[in-house]
Amino acid sequence: MATASGGDKGPPAAAPPPQLESFLAIGLDQRTAENALANRKVTANLTAVIAEAGVTRCDKSVGNLLYTVATKYPANALVHRPDLIKYILSEKIKSSAQLDAALSFLSTLGPDSLDPVKFEEACGVGIFVSFEEIQSTVTDVLNENMEAIVEQRYRINVGSLCGQVRKRQPWGDAKSVKEEIEKRLVEILGPKTEADNAKPMKKKKEKPAKVEEEKTVSAPPSEEELNPYSIFPQPVENFKVHTEIFFSDGNIWRAHNSKSILEKHLKVTGGKVMTRFPPEPNGYLHIGHAKAMFIDFGLAKERNGHCYLRFDDTNPEAEKKEYIDHIQEIVTWMGWEPYKVTYTSDYFQDLYELAICLIQKGLAYVDHQTPEEIKEYREKKMNSPWRDRPIEESLKLFEDMRHGLIAEGKATLRMKQDMQNDNKNMADLIAYRIKFTPHPHAGDKWFIYPSYDYAHCLVDSLENITHSLCTLEFDIRRPSYYWLLVALGQYQPYVWEYSRLNISNNVMSKRKLNRLVTDKWVDGWDDPRLLTLAGLRRRGVSSTAINSFIRGMGITRSDNSLIRMERLEYHIREELNTVAPRALVVLHPLKVVITNLDYGTIISLDAKMWPNAPDSDASAHYKVPFSRTLYIEQSDFRLKDSKDFYGLAPGKSVLLRHAFPIKCTEVVYGDNPDSIVEIRAEYDSSKATKPKGVLHWVAEPSPGVEPLKVEVRLFEKLFLSENPAELEDWLGDLNPQSKEVIKGAYAVPSLANAVLGDKFQFERLGYFSVDSDSTPEALVFNRTVTLKDSYGKAGPK
């Protein structure tokens with residue numbers, strides 16, 4: 001083992017590594033090449049890529065692509081890396097957009113066989129975008145942004161304009177796009193004026209006025225801010241027209257409750273608000289359901305009413321008891337208490353009898369069209385050949401369906417609505433279909449099952465729901481909802497739609513979530529990277545933080561805008577800052593030996609669990625051993641110091657959190673110059689040294705005994721794009737670095753007693769919680785959220 005002594009001047013300058021020349025030879029600039037050398041993993045990857053490419057020198061454009069391959073290539077598809085490099089060298093892939101598409105494709109493919117046709121199609125190989133096409137697209141984008149261009153002039157965000165062009169012409173030359181936009185801006189705006197060249201005036205920060213001198217009166221919060229449920233009417237008001245149902249023949253139904261129907265309803269409910277939270281038990285609930293719960297349960301609670309938990313279990317093939325049990329458990333965890341737990345299947349007999357009534361009124365018929373024929377006839381606005389069959393015939397056939405005498409797929413019961421209506425949700429929707437599948441709640445009693453469109457509104461009515469609340473995509477179903485209630489003379493709830501909750505870098509569709517789980521892209525429904533409520537809970541997020549986030553957005557009908565993940569993380573940090581005690585953990589340990597501390601000496605130090613706790617409060621402190629052998633983060637040591645680096649370097653001092661200043665005196669290397677196995681340092685017991693850098697650390701609790709070893713799991717955003725749901729190949733957008741498992745982290749001894757549900761702030765690292773995989777002998781911690789968001793903004797201190 002070789003050692004190198006370090007004094008105040010640091011170690012002697014070493015000769016440039018041989019890799020630097022080869023990195024510069026492929027066209028990398030000096031800074032990029034040096035940064036590559038500073039990271040051992042990147043150095044190894046880039047050296048391997050250059051070897052696979054078999055080049056010693058190449059154009060800068062090719063070299064930059066090879067560098068991207070070295071830094072971003074998915075580890076699960078290494079078998080295909082040589083093929084990708086060939087595409088780059090042959091310039092079949094020659095832009096960063098093409099390379100990004102290639103990496104996404106290969107990440108999804110993994111080690112499976114590569115289909116060149118599909119690969120080239122995904123990467124735009126062979127696609128040539130002419131300059132004329134670029135000019136045309138630039139013209140379209142500039143025309144769409146003309147108002148902003150005229151208003152902002154040369155301060156318009158050119159990068160945003162380029163991005164809009166790239167979205168439409170992903171394989172166009174980026175440089176040509178930028179040059180064309182800049183050229184056209186000059187044509188539109190003329191030469192820059194003095195005002196264009198002037199730097200924007202920076203507003204001086206005004207000193208905050210003293211509280212006693214403050215005379216400005218802020219606007220009082222609106223009623224809706226104080227009470228988000230104030231927008232909803234009272235049950236007694238439910239006699240107004242809900243909606244007008246327009247028919248293609250000019251007829252109009254005005255859906256509303258008659259006086260007698262409303263009086264009967266109010267007598268049954270006592271005038272109370274009655275809502276329902278109606279999930280389908282075909283998967284685990286996600287954060288979008290948290291918003292639905294906040295509205296459904298929250299309105300009932302605010303008005304001193306009742307909210308049902310109703311399982312919309314009309315599809316026995318997709319529903320499981322596992323999901324039913326989970327939903328009941330998670331509703332309670334979210335802080336809500338159902339008035340009653342009901343099932344749509346509880347009403348199967350009532351629904352069946354109402355279907356018979358609908359047939360008898362001439363408003364439903366048994367149909368024998370296939371799904372393909374139904375779709376074709378709807379597109380052509382044509383009536384089914386069986387639409388006008390005699391009522392008695394439909395009654396008999398429906399009875400045969402009920403008793404399992406007709407095969408699956410050979411008949412359906414359809415509502416006789418309006419096939420010529422412009423609203424496709426009025427095109428004779430299916431009310432019943434045949435399924436020879438036992439039902440998880442109703443058993444094997446039924447061979448026919450109602451559709452959502454038929455059952456939902458009727459069960460709302462049967463349960464005397466006052467406010468039927470749903471997301472905006474159901475807005476177009478409102479006419480069919482009320483058509484059925486009017487047709488059968490049933491009580492009509494008040495329907496109100498709110499905006500769906502969509503959060504960036506994740507998917508909310510149950511179908512997509514189910515795909516991620518069943519195809520094992522994630523580790524189950526409670527994977528901490530998912531926005532399922534089970535996943536958020538396992539990650540360490542509380543129900544109160546989720547509800548605070550939901551309340552902060554309000555109950556709006558605005559639109560389906562995408563909410564950034566950082567907004568949710570803010571509410572998580574805000575709560576954890578007040579409830580998570582501090583602790584010291586080192587993720588990637590680098591050994592430090594304190595040479596001026598005697599072997600066997602252990603100094604017991606007080607560390608604060610809460611930063612603002614007074615020193616006299618013993619309950620707010622925990623004990624930390626300081627010994628001859630301790631560990632810091634590998635990233636907190638560099639051989640070459642710099643002004644912006646606050647870690648440890650040869651001859652430099654740092655302060656160990658809750659402990660003493662230490663100064664690096666020697667570096668111990670392993671078998672090669674890149675391998676540092678130990679740092680030697682001296683500590684300042686007087687604490688007279690006042691270094692700028694403060695590091696977290698963990699020491700051996702007794703001589704020769706390793707610190708407490710724990711597993712730590714770090715999570716990043718599950719998808720690379722903000723809105724992966726919009727992508728055709730959404731699975732190809734999965735972030736290959738979304739989960740990192742660190743098995744050899746070191747922790748302070750006080751964490752040995754942590755149990756499931758405990759949450760901590762690991763200083764400088766983030767907020768963490770104990771995972772369900774933990775055992776008393778092997779603790780596992782999940783990072784709930786970092787200390788700062790992706791823009792560098794910290795939560796409360």
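Residues numbered from 1 in each chain as written. Predicted model: local features only at pLDDT ≥ 70, side-chain atom pairs only at ≥ 80, totals over all residues. Heavy atoms only, no water.

Draft legend 1. Examining the overall build of the chain more closely. In terms of helices and strands, the chain carries 25 helices and 30 strands. Burial statistics for the chain: of 797 residues in total, 49% are counted as buried. In the chain, once contacts between residues fewer than 6 apart in sequence are set aside, the share between residues at least 24 apart is 70%. Carbon and sulfur atoms make up 51% of the accessible area of the chain, which totals about 40,200 Å². Each charge class in the chain can be summarised by its mean position, and for the 103 positive and 111 negative side chains these summaries are 4 Å apart. (Helix = DSSP H or I, 4+ residues; strand = E, 2+ residues; numbered from the N terminus. Buried < 20%, exposed > 50% of the residue type's maximum accessible area, 1.4 Å probe, protein only. Contact = heavy atoms within 4.5 Å. Areas by Shrake-Rupley, 256 points an atom, 1.4 Å probe, with all protein chains shown as cover. Lys, Arg positive; Asp, Glu negative; His and termini not counted. Charge placed at Lys NZ, Arg CZ, Asp CG, Glu CD.)

Draft legend 2. Summary view of the environment of P528. One can find P528 in the loop between α22 (510–518) and α23 (533–539). With a relative accessible area of 6%, P528 lands in the buried category. Along the chain, P528 and R573 lie 45 residues apart, while their C-alpha atoms are 16 Å from each other. Residues within four places of P528 in sequence aside, it is in contact with G535, R538, R539, F715 and N782.

Draft legend 3. Main features of the layout of surface pockets. By volume, the second largest pocket is sized at about 1,500 Å³. Along the wall of the second largest pocket there are 31 residues; nearest its centre are A101, S104, S721, L727 and D733. Secondary-structure elements contributing two or more residues to the lining of the second largest pocket are α6 (96–109), α7 (116–123) and α10 (158–168). At seven residues, α6 tops the list of elements feeding residues into the lining of the second largest pocket. Partitioned by chemical class, the residues of the lining of the second largest pocket number twelve nonpolar, eight polar and eleven charged. (1 Å grid on protein atoms, 1.4 Å probe; cavity = no way out; pocket = protein on both sides within 12 Å on 5 of 7 lines; lining within 4 Å. Points joined across faces, edges and corners; volume = space filled by probe spheres on them. Nonpolar A, V, L, I, M, F, W, Y, C, P; charged D, E, K, R; others polar.)

Draft legend 4. Structural detail: empty space enclosed by the protein. Across all of its chains, the model carries four cavities of 30 Å³ or more by this definition. Along its surface, the largest cavity is lined by 14 residues, and Y452, H456, F474, R477 and Y481 are the ones closest to its centre. Broken down by secondary-structure element, the contributors of at least two residues to the lining of the largest cavity are α20 (452–462), β11 (467–471), α21 (478–488) and β12 (494–498). No other element matches α20, which puts four residues into the lining of the largest cavity. Of the residues assigned to the lining of the largest cavity, the class counts are six nonpolar, three polar and five charged. What lines the second largest cavity is simply Y599, G600, T601, I602, S627, R628, T629, E700 and P703. In terms of residue class, the lining of the second largest cavity is built from three nonpolar, four polar and two charged.

Draft legend 5. Fine view of the packing of helix α15 (residues 287–302) against helix α24 (residues 543–553). Where α15 contacts α24, the axes come no closer than 10 Å and their chain directions differ by 70 degrees. Judged on the interaxial angle alone, α24 and α15 are roughly perpendicular. Here I287, A290, K291 and F294 of α15 come into contact with α24, specifically with I546, N547, F549, I550 and R551. Of the residues that constitute the contact of α15 with α24, the class distribution is six nonpolar, one polar and two charged. (Axes fitted to C-alpha atoms, helices over the stretch in contact; angles between N-to-C directions. Parallel < 35°, antiparallel > 145°, perpendicular 65-115°, else oblique.)

Draft legend 6. Structural context of helix α19 (residues 391–402). The end-to-end C-alpha distance of α19 is 16 Å, a good match for the 16 Å that twelve residues give at a rise of 1.5 Å each. Remark: G404 follows α19 within two positions and exhibits a positive phi of approximately 75 degrees. (Expected span 1.5 Å × (residues − 1).)

Draft legend 7. Geometry of the pattern of salt bridges. Tallied over the entire structure, the rule returns 49 salt bridges. K435 serves as the salt-bridge partner of E317, at 3.0 Å between the closest nitrogen and oxygen. Taken together, the residues E317 in the loop between β5 (306–311) and α16 (321–333) and K435 in the loop between β9 (430–434) and β10 (448–450) connect sequence positions 118 residues apart. Residues D367 and R414 are paired through a salt bridge, measuring 3.0 Å at the closest nitrogen-oxygen approach. With a gap of 47 residues between them, D367 in strand β7 (residues 364–367) and R414 in strand β8 (residues 412–415) connect regions that are remote in the sequence. (Salt bridge = Lys/Arg side-chain N within 4 Å of Asp/Glu carboxyl O.)

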